[in-house]
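Residue strings, one per chain:
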Amino acid sequence: MALKSEIQRRRTFAIISHPDAGKTTLTEKLLLFGGAIHVAGAVKSNKIKKGATSDFMEIERQRGISVATSVMGFEYEGIKVNILDTPGHEDFAEDTYRTLTAVDSVIIVVDCAKGVELQTRKLMNVCRMRNTPVIVFVNKLDRDGKDPFEILDEIERELDIKVRPLSWPISMGLTFKGVYNMFEQKLNLFLGNKKQGVTDDIVEIDDINSEVLDKHVGGYADTLREDLELVNGVYPEFSRETYLKGEVAPVFFGSALNNFGVRELLSCFISIAPFPKPTATETREVSPFEENLTGFIFKIHANMDPKHRDRLAFLKICSGVFERNKPYLHTRIGKRLKFSSPTAFMADKKSVVDIAYPGDIVGLHDTGNFKIGDTITQGEQLKFKGLPSFSPELFRYIENADPMKYKQLAKGIDQLMDEGVAQLFTSKANGRKIIGTVGVLQFDVIQYRLEHEYSALCRYEPITLYKACWIESDNMEQLKDFRVRKHSNLAIDKHGREVFMAESPYALQMAQDKFTDIKFHFSTEF
Ligand code: G4P
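For clarity, every value in this text was computed on a predicted model and none was experimentally measured.

## Considerations on the pairing of strand E7 (residues 167-170)
And step 1. A two-sided burial pattern is seen for E7, the buried positions comprising Ser167 and Pro169 on one face and Trp168 and Ile170 on the other.
And step 2. Sheet topology note: the E7/strand E8 (residues 178-181) ladder contains four bridges and is antiparallel. Pairing of Pro169 across the sheet is with Val179, part of E8.

## Side note on the packing of aromatic side chains
And step 1. All chains considered together, the criterion is met by 21 aromatic pairs.
And step 2. When the centroid spacing of 4.3 Å and the interplanar angle of 50 degrees are considered together, the rings of Phe13 and Phe269 count as tilted. Of this pair, Phe13 sits in strand E1 (residues 10-17) while Phe269 sits in helix H10 (residues 262-272); the two residues are 256 residues apart in sequence, bridging distant segments of the chain. Taken individually, Phe13 and Phe269 each receive the classification buried, so the pair is uniform in this respect.
And step 3. Here Phe298 and Phe314 contribute two aromatic rings whose centre-to-centre distance is 6.3 Å and whose plane-to-plane angle is 55 degrees, an arrangement assigned as tilted. Here Phe298, found in strand E14 (residues 294-302), pairs with Phe314, found in strand E15 (residues 311-319); they are 16 residues apart in sequence, far enough to count as distant.

## With respect to the site of the ligand
And step 1. Near the ligand there are 18 residues, and of these Asp20, Lys23, Thr24, Thr25 and Ser255 occur at the shortest range.
And step 2. Contact distances for the ligand include 3.0 Å between an oxygen atom and a side-chain N or O atom of Lys140.
And step 3. One of the side-chain nitrogen or oxygen atoms of Arg143 is found 3.2 Å away from a nitrogen atom of the ligand.
And step 4. Across the complex, the protein chains shield 72% of the 700 Å² of accessible surface that the ligand would expose by itself.

## Remarks on the nonpolar core
And step 1. Counting residues in each nonpolar core, the largest one holds 64 residues, and the members touching the most others are Leu100, Ile108, Val138, Ile155, Trp168 and Leu187.
And step 2. Among the domains, domain 1 (7-272) and domain 2 (279-377) are the pair contributing at least three residues each to this core.
And step 3. When near neighbours in sequence (up to four residues on either side) are disregarded, Leu100 contacts Ala14, Ile16, Val106, Leu123, Val126, Cys127 and Arg130.
And step 4. Counting 30 residues, the second largest nonpolar core, distinct from the first, contains Met72, Val262, Leu266 and Ile270.

## Some details on the side chain of Ser391
And step 1. In this structure, Ser391 sits in the loop between strand E23 (375-377) and strand E24 (394-400).
And step 2. A distance of 2.9 Å separates a polar atom in the side chain of Ser391 from the backbone nitrogen of Ala468.
And step 3. The contacts of Ser391, once residues within four sequence positions are left out, are Lys467, Ala468, Trp470 and Phe522.

## Here's the deal with unusual backbone geometry
Negative phi characterises most residues that are not glycine, and trans characterises most peptide bonds.
And step 1. In this structure, Gln185 takes a positive phi of about 50 degrees despite not being glycine.
And step 2. Following the sequence through the fold, Gln185 ends up in the loop between E8 and strand E9 (186-189).
And step 3. Notably, Ser455 is not glycine yet its phi reads approximately 50 degrees, a positive angle.
And step 4. Position of Ser455 among the secondary structure elements: in the loop between helix H12 (441-454) and strand E27 (458-462).
And step 5. A relative accessible area of 44% places Ser455 in the partly exposed class.

## What about the pattern of salt bridges?
And step 1. With the rule as written, the count across this model stands at 38 salt bridges.
And step 2. Close ionic contact of Lys245 with Glu241 constitutes a salt bridge, the shortest N to O distance being 3.8 Å.
And step 3. Accessibility expressed as a relative area gives 44% for Lys245, which makes it partly exposed.
And step 4. The exposure class of Glu241 is exposed, given its relative accessible area of 55%.

## So, the environment of Lys407
And step 1. With respect to the helices, strands and loops of the structure, Lys407 is situated in helix H11 (residues 406-418).
And step 2. The exposure class assigned to Lys407 is exposed, which follows from its relative accessible area of 71%.
And step 3. When the C-alpha atoms of Lys407 and Ala456 are compared, they prove to be 8.6 Å apart, with 49 residues separating the residues in sequence.

## Focus: H11
And step 1. With 13 residues, H11 extends 19 Å between its outermost C-alpha atoms, agreeing within 8% with the 18 Å of an ideal straight helix rising 1.5 Å per residue.
And step 2. The set of residues buried in H11 consists of Leu409, Gly412, Ile413, Leu416, Met417 and Asp418.
And step 3. Contacts made by the buried residues of H11 are with E14, E24, strand E25 (423-427), strand E26 (433-437), H12 and E27.
And step 4. One or two positions beyond H11, positive phi appears at Gly420, with a value near 85 degrees.

## Section: the sheet that holds strand E3 (residues 79-84)
And step 1. What the seven strands build is an open sheet, ordered E2-E3-E1-E4-E5-E11-E6; its pairing is mixed. Only two strands of the sheet have a single neighbouring strand rather than two, namely strand E2 (71-76) and strand E6 (162-165). Neighbour-to-neighbour, the strand axes of this sheet turn through a mean angle of 30 degrees, independent of strand direction.
And step 2. Bridge count for E1 against E3 is five bridges, and the pairing is parallel. The partner of Arg10 across the bridge, within E3, is Lys80.
And step 3. Here helix H5 (residues 118-129) sits on the sheet in contact with E1, strand E4 (105-111) and strand E5 (134-139), set at roughly 145 degrees to E1.
And step 4. Helix-sheet contacts for H10 involve E1, E2, E3, E4, E5 and strand E11 (248-253), and the interaxial angle to E5 is about 180 degrees.

## Regarding helix H14 (residues 505-514)
And step 1. The set of residues buried in H14 consists of Ala507, Leu508 and Ala511. One side of H14 holds all its buried residues, which, seen down the axis, span an arc of 100 degrees. Seen from the buried face of H14, the exposed residues on the opposite side, beyond 90 degrees, are Tyr506 and Asp513.
And step 2. On its buried face, H14 sits against strand E28 (467-472), helix H13 (476-485), strand E30 (498-502) and strand E31 (519-521).

## Some thoughts on the pairing of strand E22 (residues 361-366)
And step 1. Most of E22 sits inside the fold, with five of its six residues counted as buried.
And step 2. Across six bridges, E15 lies against E22 in antiparallel orientation. Within E22, the residue paired with Ala313 across the bridge is Leu364.

## A few points about the confidence of the model for the chain
And step 1. Predicted confidence across the chain gives a mean pLDDT of 87, with 88% of residues reaching 70 or more.
And step 2. For residues 48-54, every residue scores under 50 in pLDDT, and the model assigns this stretch 11 contacts once sequence neighbours within four places are set aside.

What counts and what doesn't
- Residues numbered from 1 in each chain as written.
- Predicted model: local features only at pLDDT ≥ 70, side-chain atom pairs only at ≥ 80, totals over all residues.
- Heavy atoms only, no water.
- Buried < 20%, exposed > 50% of the residue type's maximum accessible area, 1.4 Å probe, protein only.
- Helix = DSSP H or I, 4+ residues; strand = E, 2+ residues; numbered from the N terminus.
- Pairing = 2+ DSSP bridges.
- Phe/Tyr/Trp six-rings, centres within 6.5 Å; stacked < 30°, edge-to-face > 60°.
- Near = heavy atom within 4 Å.
- Polar contact = N/O pair within 3.5 Å; in protein donor to acceptor, adjacent residues only side chain to side chain.
- Areas by Shrake-Rupley, 256 points an atom, 1.4 Å probe, with all protein chains shown as cover.
- Core = buried A, V, L, I, M, F, W, Y, C linked by side-chain atoms within 4.5 Å.
- Domains from an automatic or database assignment.
- Contact = heavy atoms within 4.5 Å.
- Salt bridge = Lys/Arg side-chain N within 4 Å of Asp/Glu carboxyl O.
- Expected span 1.5 Å × (residues − 1).
- Axes fitted to C-alpha atoms, helices over the stretch in contact; angles between N-to-C directions.
- Arc of directions from axis to C-beta.
- pLDDT = per-residue confidence, 0-100.

Given below as C-alpha cells:
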C-alpha cells in the first residue's frame, strides 16, 4: 500500500527549451515555490556562460555544478516533484535526449518574442516518440512579443501538437497587466519587479463580465473578454486524457523572471501531470507497482579529476523499492552488486539515501561497471528498451597519435562511448574508426579526456558525412545488392548494428529512391 501511494505522489519531469528561453530561471522559481531553496540564485545554473562556448575546460568546470543540479527533488503539497536537469548547451543535446527517456512528462519553455526555435523542435520530436505529455510555458510576457494567438498557432504548427491555453495574458511588455487563469478562474495581477518573492496579487473572479475585472485592468478588460470568447470557441475544452496521451499541450503564459504565472503552472502541473508510467523492456512491460525493483541507467557522469576516477551512474527506478546495501542484479554482466552509498538529490543538496521509489533517480558510485542503458533488477533477466541513439551531426576519423599507447586509446574510447560522450562507427571498407557527435565541443572533450584520464593521444582527420542511418530490410536480395554497391559507405556501430554513412542529403535520397525495400532510420528506436 505504501508503495502505491509513494508512486502516485511522484512527478518526474524535465524542463526543455531553446537556450535563453528561460529554462534555468523557471527551474529556480519552481524550487522557490516548492520551498527547496529560499532565495533566487541559490541553485547555480548548469548553463554554459556566454562567451565560453568554445572553451570546453570552462564547460567541464561547470559540469561539476551540473552534477549537483542533475536532479532536483522537492515536496509540494504532498507531491514529490523530481526535476531532471538537461544541459544548457546544444552541443550536449544527446544527453538531453537520454534524460527525456527517464521522465514521465515535460514542460517546454518558449520565449514569447522568439517563438518556437530549432532546439525545441528537435526535443519535441524525442518527446513525441514516446507520447510524453507536455505542458508549454510561454515566457517573458513582461517584454513585447508575438500575439498570443500567433504563438499558439506557431506551437501547433512547429511542434506538431494541439494546444489548449489554460491561462491568458492581458497585454504584454510595458503594458502587461497580468494573466487570467482559466484553470482556476482567477485573475493574477502583474505588479512587476518581484524577483525574489513568491506571492502574487490574485483576484478571484467568478464571472468574467463582473466589474471587478474592469476595476483592475481598465481598458484591457473588454479585450480579455473577447480573447477568452475566441479561445473557448477555437480550442476544445481541456481534457486531461488527451494531455496524458501526448495529444494536447496545455499552455500557460507568464514571466519566470518576475515569478509570474509560475505558481499557476506548478499547481496545475501537480494536479494533471502523470505519476510514473509502465516501462517497456525487450520482453515485457514493467508496471511501477510491481514489488520487485527494476531500473535503468540513463546517464553517467564522470569525474574528470584523474585522482578521483569515480563515476556517478544515474539510475531511474521503474518498479519496486530500491534499498541501500541490498544486492541487485546487473543484467548485462550477470553480477550482483550492492550499493553502500546511493545518492539522492534534493535541490542543491546530495545525501545518502536508504530507500527510493519508482520515479526517483538514485546516483550510484561506479568504478566502470555501468554503460548507459544497463538494467538493474532483483534477479529477473530483463533489458529496458528505449534508450535510442540518434544520428550524430558531425563526424571525424579518430587516429592513434602515439603508437605505444594503442591499448590505452582503445580502452579510453570504449569507456567514453559507454558514457555516451559520442558514438563510434567502424568503417566496413577500411576498418577506420569514425567518431560522431552532436556538437563540435565533444571532439575537444574526447581528446582532452583521452590524454588526461587514459594517457592516450589521438588526432582527428576530416571526413565528409551527412548522417548515419541504421538500416533494416526484409528483402534480403536487395540488402545484399545494397551491401555490395555501398560497401565503402557502410559501417558498424558499437553494438554491431549496420549503418549507412550518407555523404550528403543527395546521396541519402538516391539510396532511398533506388533501394525502396530498405528502411533508413535516423535513430536506433525503430
Ligand atoms: P535558459 O536556461 O533557457 O538558457 O535561460 P535562462 O533562464 O538563463 O534565461 C535567459 C535570459 O532570459 C536571462 O537573462 C534571464 O534573466 C532572462 N529571462 C528569463 N525569464 C525572463 C522573463 O520572464 N522576462 C525577462 N525579461 N527575462 C527573462 P541574461 O541577461 O541572459 O542572464 P542573467 O544575467 O539575467 O542571468
